[in-house]
Amino acid sequence: MPRPVAIIGCGQTKHLSRRRDVSQPELIAEAAWKAMEDANVTPDEVDAVVVGNMQGFGGVAQPDLWIGDWIGAPGKPVMRVTTGGTTGGTVAQAGYYHVASGLHNVVLAVAWEKHSDSKESGATTGLGHVGFGAQVNLFRCGMGLKGFIATSGVGMAAGVAVYQAMYYMHRSGCGIEHFDMVAAKSRRNAAKNKYAHLQWPNCTPEDIAKTEMVAYPFRYGHVCPASDGAAALVFADGNTARKRVRTPAWVKGLASITDEENQLISESGGGVGIIDSSEQMGARVAAQKAYKMAGIRDPQKEIDVAELYQPFPNQELLFAEKLGLFDEGKAWLALEKGETDIDGRLPCDPSGGVMSTNAIGAAAMLRILECALQVMGKAEEHQVPKKVNIAVAHGWGGSTNYNTVTVLGSSPD
Amino acid sequence: MPYIKEERPETLSVEGEWAYGAHVYKANTLLDEFCEGLREKKLIGALCMGCGKVIVPPRAICGRCHIRMEGRQVVSDRGTVVSYIVSPPMVKGKYKMLGMDPVELGIVKEGESLVPGHVRFDGSDSPYNLPILNARPEEVRVGMRVKVVWKEDLEGKLSDIEGVEPIRD
């Protein structure tokens, strides 16, 4: 068994669509220093650093080569990890590995995205690539302009998610009104989170239902923003953790599972064997592995709060099911009853989630960070009104085929 | 909308550009084989000897079995819609795709919607992303039976498949 590891410090920046007041390293430093202060460690006490964002986002390829000076990295090993939407989750898990292996005692993990540095409208190079990258390549291989526009001209940034929503609706029986409910809940929760991007106090499903249809079944109000922001975590071994902070968030279990490429057509031009993109085998397997490691037998009863990766509303519902929080195809019934509200039986995304704050590289780390805050009791206005013993964080990305699941708890046992 | 707005003042920023996306795309070698099949209105798939799945267009290695997909199987040009989405009615100048306007290009008429779908061809185990043609958006549904609309002059290119249309017989 790996040795006990805990999160002892959390730092995040205010997320906005345009943080034109800071450069990329300044933005990253803002989160990194907050995390080190929160953990009561100095940069000298940090043994190693793990960093990551999406490749090519913000218009530059390798910011990791020049951000080190701003976060106290010189003289230490630095590793960059990037796995698409799961980047933040993978960066955090790599931070855990560094400590669990026994090679390092205190590790800083930092993830970020600064979309506004890219001059491309709306999405960035990378997001467009995830959305319709394979189609662009096939267009070049003779797909023809007509076929390309007719398949890729719809949905745009929503890309594969909008088809996934249709699969989920057909399979579970939920309707667009449930997507409105998830979106409204996320905006309301975000209004309680001072770092969140799209904050809308008292937002109702009716408010969301009034927004324009982007691509059926998605409305404008269902789509996540592109945010500038950064997140940082400090991981420490058990002894250090107990000495430095009053309530560490213990990493009880984690897993990362990759499935086969899962976006309509393979990047290499072949077909893919997954018909239903809401199937997400990786999320289910990752959850079961992480729960086993954490000693969780019944996730529906034992988990107190969940932070799911949900840039689009259907994903909160389907991933809650894949993580075993609700029975298959039944999450929308729990949503109707208010069970996933901030004061519900099993709150989902009390921070507002990715729907409200989406600095892509940081988004999956923010899920873990928000779970840590809930366990530590430091989530302030969006703290769930009950004792949090177990929290589960999820990340989703890659070619929609990567999943990370991380279980945090209030005690190491 | 009643979102809480916050803007930060902009400090020195300079615009620039580099040919970041310029590259040569290398297709899967099996794509040539698939395109040749299209010339004869054949949809060629790869058969996995491990799990029996047929993937269209063919791919080299099964994503779940991790073995070479050495078998070949021609699948039907009829299939079932397994997912679809509907665009808002297209208006000239309002929606652009890589700087191109679908209405201006004559791909869709003003006021009409684009309806791309995922089609599972009979005999295959993979979704194929194609436009659903000659159908009213409100009649499209998951489970609808469709067939390929072939281009008149087949060239052995991906564009030989124009899309799918409902089977009305």
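Look up: the structure comes first, before these words.
Each chain has its residues counted from 1, running along the sequence as written. Following the order in which they are written, the chains are lettered starting with A and the ligands numbered starting with 1. Totals for whole chains, interfaces and linings use every residue, but because this is a predicted model, local features are given only for residues with pLDDT of at least 70 and side-chain atom pairs only at 80 or more, for both listing and counting. The basis for the side-chain values is all heavy atoms of the structure; hydrogens and waters are excluded.

Caption draft 1: Quick peek at the pairing of strand E2 (residues 48-52) of chain A. Residues and elements named next belong to chain A. Per-residue accessibility, obtained with a 1.4 Å probe over protein chains only, is compared with the maximum for each type, and a residue is labelled buried under 20%, exposed over 50%, and partly exposed between these values. The numbering of helices and of strands both runs from the N terminus, where a helix is a DSSP run of H or I of at least 4 residues and a strand a run of E of at least 2. Burial analysis of E2 places 5 of its 5 residues in the buried class, which makes it a mostly covered element. A two-sided burial pattern is seen for E2, the buried positions comprising Ala48, Val50 and Gly52 on one face and Val49 and Val51 on the other. Note: two strands are recorded as paired if DSSP finds a minimum of 2 bridges between them. Across 5 bridges, E2 lies against strand E4 (residues 106-114) in parallel orientation. Bridge pairing in E4 places Val49 opposite Leu108. As paired elements, E2 and strand E3 (residues 78-80) share 3 bridges and run parallel to each other.

Caption draft 2: Structural context of unusual backbone geometry. Backbone torsion omega between Tyr216 of chain A and Pro217 of chain A reads 10 degrees, so that peptide bond is classified as cis. Counting through the fold element by element, Pro217 of chain A comes out in the loop between strand E5 (213-215) and strand E6 (218-219). Residues Val56 of chain B and Pro57 of chain B are joined by a peptide bond in cis, for which omega reads -10 degrees. Along the chain, the position of Pro57 of chain B falls in the loop between strand E2 (54-55) and strand E3 (71-75). For Asn40 of chain A, which is not glycine, the phi torsion reads 60 degrees and is therefore positive. You can see Asn40 of chain A is positioned in the loop between helix H1 (24-38) and E2.

Caption draft 3: Quick look at the interface of chain B and chain A. Between two residues, a contact is recorded if the distance between any of their heavy atoms is within 4.5 Å. With 58 residues of chain B at the contact, the number on the chain A side is 68 residues. Note on definitions: salt bridges are taken to be side-chain nitrogens of Lys or Arg within 4 Å of carboxyl oxygens of Asp or Glu. Inspection of the chain B/chain A interface yields 7 salt bridges. Of the charged contacts in the structure, one is a salt bridge between Glu10 of chain B and Arg18 of chain A, with a shortest N-O distance of 3.3 Å. Polar contact criterion, stated in full: a pair of N or O atoms within 3.5 Å, where within protein one must be able to donate a hydrogen and the other to accept it, and residues adjacent in sequence count only if both atoms are side-chain atoms. Our enumeration of links across chain B and chain A arrives at 19 residue pairs in polar contact (both at pLDDT 80 or more). Within the residue set of the side of chain B that touches chain A, elements represented by two or more residues are strand E4 (78-84), strand E5 (116-121) and strand E6 (128-131) of chain B. Here the side of chain B that touches chain A takes 4 residues from E5 of chain B, the largest share from any one element. A breakdown of the residues in the side of chain B that touches chain A according to their chemical character gives 33 nonpolar, 12 polar and 13 charged. Classification used: nonpolar for Ala, Val, Leu, Ile, Met, Phe, Trp, Tyr, Cys and Pro, charged for Asp, Glu, Lys and Arg, polar for all others including Gly.

Remember that the coordinates give geometry; whether it matters functionally is a separate question.
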